[in-house]
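# Coordinate inspection notes
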Amino acid sequence: MAKKKNTKTKKKWFTKPSFLSDERFRFILGISSSLFTIYLGLAFVSFFFTGGADQSKLDIRLLELLADSGIRVENWTGKTGAFLSNLLINKGFGIAACSILYILTVLSIRLFGIKIQSLKKSLLYTLLFSIWCSVLLAFLFVDSASTSFLYLGGAHGYFISEWLISLIGNVGTLFVIIICFFSLVAFGFNNAVSHMKKPFKKKEKPETDDLELDEEDYESDLIEENSISRNELIDEEAHNVENTNDDLSIELEEEFIPEQKTELPQDDTNEIELDIDSTTPSEDKKPDDEDVELTIETTRIKEESVKINHTPMEDFDPTLDLSNYKYPTLDLLEDHHLHNSEVSKEELESNKIKIVDTLRNYKIEITQIKATIGPTVTLYEIVPAPGVRISKIKNLEDDIALSLAALGIRIIAPIPGRGTIGIEVPNRTPEIVSMKNIIASKKFQESKYALPVAMGKTISNETYTLDLAKMPHLLVAGATGQGKSVGLNAIITSLLYKKHPSQLKFVLIDPKKVELNIYSTIEKHFLAKLPEEEEAIITDIHKVIATLNSLCVEMDARYDLLKKAHARNIIEYNKKFVTRKLNPENGHRYLPYIVVIIDEFADLIMTAGKEVETPIARIAQLARAIGIHMIIATQRPSTNIITGVIKANFPARIAFKVASMIDSRTILDSPGANQLIGRGDMLISVGSDLVRVQCAFVDTPEVEMLTEYIQKQQAYPTALMLPEFVAETSENTADIDLQKRDALFEEAARLVVGSQQGSTSAIQRRFSIGYNRAGRIVDQLEAAGIVGPFEGSKARQVLVSDEYSLEKLLSDILV
């Protein structure tokens, strides 16, 4: 049996006067305190503006100041406000004296009956803060008193600061101030220590410490606020319970206070703390001893079950399978900076004079000209004189290019948002933008984009980055040798430097078989492919069709997962999965981003046509929300390649130099790409913005070093397997009944065998029938074994070589 503790009520630090129990008196006192707070606040504010003028009048005694009606002060609150402000600020704690307004505000609110926080804590911590802030300001602004009437740290601060400096020097004083600051924060704010230790610890501090701090503060406030009558009632209840259970009475006699938490005996191993609020009897109804004992035991059991069964699980880490994966380092890339590539002042001045003279020859005056130097192009911004038509300057594009002897200039009339006309002139010695400098830039390193892509530098030498997840698909076009392949390498390199293998997968389609083959070595890290395929880089046209349709299947499966998880996009879904709100046993899984890169898109359209365009259009229309993004590159920006369906679903476009204005309009819906200078010079269209960028250069040896660095690290067992796609063509031909063949079947068969060309359009023209009927005849010919299966835009292969074999085949069918 433990010894009984003293059952007397704890003494309060302050006994409330009896007249404060009168609600009317408290209301009047609250209004008075509120108005005095406002009065003192106005006095402080006015002192900062009028204190210098009133300083000489405040040096006399208070009684003399108040008694002499001839003394006038500038302070808005009169002599009393001026005196109080000077006393508390200059002769007290300096600017920190304004914290007294906080104490008065808390006091006023509590007088109205609103308990926002402990008055004792407010008074204690505000006083300590005022002392600390006074010393700090006096230490930092030692000479402010000699140049102004205002003592920032007050007389108190200057005295303490000078004493500390003489005792331990400036460095020691600074350390004392820092120690005092952290002491104030640690004791003044709950969880402050755990928050300050977070940057240095991987695991968070156990939650029990924070709860204990909160409970101590909560107990001190509640003990202060409870009245004497309620304490007497609690003592009486504790005395009744004492007869039935000595251990329980010990707890109740010491700690049983309404809305307060108790501590279990020290031999309780789980360190569970119970909230007595739910078991405390009300004042109106006094429970008997058995009810109190039973209720507390029930609460204790419930709390134990919560502690045991609801331990929070750690978040799922998708990178755990390759936890030792190291991101590529910058030393894998080279610096391609050329010497003497800067634009000289002579070149700038010469171009400026030539532009002004050319415009004056056509009686066009300008009021201002400014140059912005870029890596390969310099932008000259001109402000024309009033009355000059913009179209007149725009029509002089060729004349200005002739006078400057430049490769080609581009006039932007006007520059959006600036009110000027831009003339872009190529530099004599263009600078090579290295991928290493772009990757190392602060803008790219601190980027928070989901799929950050660093393209190069703008005309103002700023790093240009894009978020592929927001674009959401990209169309790249340009003539041969103008930098498309380098641009694709720059995009892939940017993503490899920023993303973990668990977060990103590539589907690479390369009809040329040599451009993207360099990335085959990172197959098990970053690539995705069809099951049972040997090569991850897709080059065969039939495998391209199967892969694109497989991505459509993956897209539909991902949307089903999002529907089950009640998520709108891949970010919300992965967040729920990481926080373990989705059960993997129900089919849920972490979804990596999938970036599909198609090089030489024109070749795919020529060989496969609609079979390629249809799944691409589906993916472009729907796949944005589930993290599948496409990048298509082509060197033939004609309307039969870049169709309306493609353009409608690829709002983000990159145009390298093209041959004609028509090609530029096909890509960008505006001219300009035909005026680029080549070698990575490009225009990027995102929405309505058109930005000129010099593409970052990454050479093949750099890419090889990058892929080799990734290849040497631990990898997944296989590449990401896409869902298998089963074509429906074989099922359709098997369902065709040759006994119900078309009346023109035999004549069409003879036409196809005679011409050795299994074309639907040929049958349509020869027999003057509709396309649907001609298509059904071709399907019947395929079912009969006369022509082969559909092969995209190519004509079907004729399987019967001569008419003799055909007649024999037809006779077998008729039988």
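These figures come from a predicted structure and were not determined experimentally.

The next thing to look at is the overall build of the chain. Each helix and strand counted, the chain has 31 helices and 17 strands in total. Taken across its 815 residues, the chain has 43% of its residues classed as buried. The long-range fraction of contacts in the chain, counting pairs at least 24 apart against all pairs at least 6 apart in sequence, stands at 67%. Roughly 44,600 Å² of accessible area belongs to the chain as shown, and the carbon and sulfur atoms make up 55% of that amount.

With that out of the way, let us pick up the side chain of D681. Take D681: it is sitting in strand β15 (residues 681-686). The exposure class assigned to D681 is buried, which follows from its relative accessible area of 1%. Of note is the side chain of D681, whose polar atom sits 3.3 Å from the backbone nitrogen of I677. A distance of 2.5 Å separates the side chain of D681 from the side chain of R692, its partner in a polar contact. Ignoring any residue separated from it by four or fewer positions in sequence, one finds D681 in contact with V377, A655, F656, K657, L676, R692, V693 and Q694.

Here the focus is the sheet that holds strand β14 (residues 652-655). The sheet built from nine strands is open, its strands ordered β8-β7-β16-β15-β14-β9-β13-β12-β10 with mixed pairing. Of all strands in the sheet, those with a lone pairing partner are β8 (463-467) and β10 (504-509), marking the two edges. Between one strand axis and the next, the sheet turns through 25° on average, direction left out of account. By the bridge criterion, four bridges tie β14 to β15 in an arrangement that is antiparallel.

A cis geometry characterises the amide bond from M471 onward to P472, with omega recorded as -10°. Within the secondary structure, P472 is located in the loop between β8 and β9 (474-477). With a phi angle near 55°, R679 is a residue other than glycine that sits in the positive phi range. Along the chain, the position of R679 falls in the loop between α25 (661-668) and β15. For S768, which is not glycine, the phi dihedral falls at a positive 55°. Among the structural elements, S768 can be located in the loop between α29 (760-767) and α30 (771-783).

For the chain, the average pLDDT comes to 77, and 77% of its residues sit at 70 or higher. Least confident of the elements in the chain is helix α11 (residues 246-255), whose mean pLDDT is 36; most confident is strand β12 (residues 593-598), at 96. Between residues 1-13, whose pLDDT stays under 50, and residues either more than four places distant or in other chains, the model counts 23 contacts. Every residue in residues 203-310 is under pLDDT 50, and counting partners more than four places away or in other chains gives 119 contacts.

All right, on to the environment of L184 then. Position of L184 relative to the elements: it lies in helix α7 (residues 154-188). For L184 and F129, which are 55 residues apart along the polypeptide, the C-alpha to C-alpha distance reads 7.5 Å. Contact partners of L184, with chain neighbours within four places excluded, come to L128, F129, W132 and F189.

Counted according to the given criterion, the structure contains 21 salt bridges. As a salt-bridge pair, E613 and K610 come within 4.0 Å of each other at their nearest N and O atoms. Of the two residues, E613 and K610 are both situated in helix α23 (residues 610-622); the distance of three residues between them amounts to about one turn of the helix. For E613, a relative accessible area of 10% puts it in the buried group. Owing to a relative accessible area of 62%, K610 belongs among the exposed residues under this scheme. Between D681 and R692 there is a salt bridge, with its nearest N and O atoms 2.5 Å apart. In this pair, D681 sits in strand β15 while R692 sits in strand β16 (residues 689-695), placing the two residues 11 residues apart along the sequence. Shared partners join several salt bridges into a network, and the residues in it are R410, E424, D681 and R692.

As for its position among the elements, D510 is in the loop between β10 and α19 (523-526). Put simply, D510 is tucked away with no salt bridge, and the nearest opposite charge, on K512, sits 6.3 Å away. When neighbours within four sequence positions are excluded, D510 is seen to be in contact with E515, L516, N517, I537, I538, T539 and D599.

Below, the discussion takes up the packing of aromatic side chains. By the definition in use, this model includes eight aromatic pairs. Ring plane angle 40° and centroid distance 6.2 Å describe the contact between F129 and W132, whose orientation is recorded as tilted. Of this pair, F129 and W132 both sit in helix α5 (residues 119-140), separated by three residues, roughly a single helical turn. Each ring, one from Y325 and one from Y327, has its centre 5.6 Å from the other, and the planes form 75°; the classification is edge-to-face.

Turning our eyes to something else, we now look at the nonpolar core. Among the nonpolar cores identified, the biggest contains 108 residues, and F506, I598 and I616 are the most heavily contacted of them. The greatest single-element share of this core, amounting to nine residues, is contributed by helix α20 (residues 541-565). Contacts of I598, omitting those with residues within four sequence positions, involve I509, L548, L604, I616, M630, I631, I632 and A633. Counting 22 residues, the second largest nonpolar core, distinct from the first, contains A774, V798, L810 and I813.

Across the sheet, four strands lie side by side as β3-β4-β6-β5; this open sheet has antiparallel pairing. With partners counted over all chains shown, the strands left at the sheet margins are β3 (366-373) and β5 (410-415), one partner each. Across the sheet, the mean angle from the axis of one strand to that of its neighbour is 20°, orientation sign disregarded. Of the pairings in the sheet, the one linking β5 to strand β6 (residues 420-426) comprises four bridges and is antiparallel in character. Bridging from a neighbouring strand, I412 pairs with G422 of β6.

The rules behind each value
- Residues numbered from 1 in each chain as written.
- Predicted model: local features only at pLDDT ≥ 70, side-chain atom pairs only at ≥ 80, totals over all residues.
- Heavy atoms only, no water.
- Helix = DSSP H or I, 4+ residues; strand = E, 2+ residues; numbered from the N terminus.
- Buried < 20%, exposed > 50% of the residue type's maximum accessible area, 1.4 Å probe, protein only.
- Contact = heavy atoms within 4.5 Å.
- Areas by Shrake-Rupley, 256 points an atom, 1.4 Å probe, with all protein chains shown as cover.
- Polar contact = N/O pair within 3.5 Å; in protein donor to acceptor, adjacent residues only side chain to side chain.
- Pairing = 2+ DSSP bridges.
- Axes fitted to C-alpha atoms, helices over the stretch in contact; angles between N-to-C directions.
- pLDDT = per-residue confidence, 0-100.
- Salt bridge = Lys/Arg side-chain N within 4 Å of Asp/Glu carboxyl O.
- Lys, Arg positive; Asp, Glu negative; His and termini not counted.
- Phe/Tyr/Trp six-rings, centres within 6.5 Å; stacked < 30°, edge-to-face > 60°.
- Core = buried A, V, L, I, M, F, W, Y, C linked by side-chain atoms within 4.5 Å.

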